[in-house]
Amino acid sequence: MADVSAPRIYSCCNCRNHVARHEDIISKNFQASHGRAFLFSHAMNIVEGPKENRNLITGLHVVADIYCKNCGMALGWKYDKAYEEAQKYKEGKFVLEKFKIMKENF
């Protein structure tokens, strides 16, 4: 049984490096190229790749792929800029692909 005083954390499924906190989830209804993904307000222990324009389901965005700081596994992306007003809430947020992260202390 999980320790109720310990924070619920998402870790890299490859090396178990902590990458996000459960309390920072904004949405579980995101879609990535390989399935479901979660939108987080914050991420930790990650490295950002170069920023690039990417045409996603919701339109054109400037994004940077994000990688585990420990093992280098690609985990998702960070939204840097949204061109459409309705998508601006994503700016500065992180998308982590569900199959690339694992739950800890749940």
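Numbering of residues starts from 1 in each chain and follows the order in which that chain's sequence is written. Whole-chain, interface and lining totals are the exception, using all residues; otherwise, since this is a predicted model, local features are given only for residues with pLDDT of at least 70 and side-chain atom pairs are given and counted only at 80 or more. To obtain the side-chain values, all non-hydrogen atoms of the structure were included, while hydrogens and water were left out.

As recorded in an unreviewed UniProt entry, the chain goes by the name Protein yippee-like, listed as coming from Vitis rotundifolia.

In this section: the layout of surface pockets. In this structure, the largest pocket spans a volume of roughly 340 Å³. Of the two site types, the cavity is a set of points on a 1 Å grid over the protein atoms alone where a 1.4 Å probe fits but cannot get out, and the pocket is an open set with protein on both sides within 12 Å along at least five of seven lines, each lined by residues with an atom within 4 Å of a point. Taken together, 22 residues line the largest pocket, and the ones lying closest to its centre are Gln31, Ala32, Ser33, Leu56 and Trp77. Labels follow the DSSP assignment, with helices taken as runs of H or I lasting at least four residues and strands as runs of E lasting at least two, numbered in each case from the N terminus. Of all the secondary structure elements, the ones that give two or more residues to the lining of the largest pocket are strand S3 (25-32), strand S5 (46-56), strand S6 (59-68) and strand S7 (74-82). Broken down by element, the residue count for the lining of the largest pocket peaks at 5 residues, all from S7. Grid points are joined across faces, edges and corners, and a volume is the space filled by probe spheres set on the points.

Looking now at the pattern of salt bridges. Salt bridge, as used here: a side-chain nitrogen of Lys or Arg that lies within 4 Å of a carboxyl oxygen of Asp or Glu. In the structure shown here, the tally under the stated rule is 9 salt bridges. We note a salt bridge from aspartate 24 to arginine 21, for which the minimum N-O separation is 3.1 Å. The partner of lysine 78 in a salt bridge is glutamate 48, with the nearest N and O atoms 3.3 Å apart. Here glutamate 48 lies in strand S5 and lysine 78 lies in strand S7, a separation of 30 residues in the sequence. Relative accessible area decides the class of each residue, using a 1.4 Å probe on protein chains only: under 20% of the type maximum gives buried, over 50% gives exposed, and in between gives partly exposed. Classification of lysine 78 by relative accessible area gives buried; the value is 19%. Glutamate 48 sits in the partly exposed class, given a relative accessible area of 36%. Each of Arg21, Glu23 and Asp24 takes part in one network of salt bridges that share partners.

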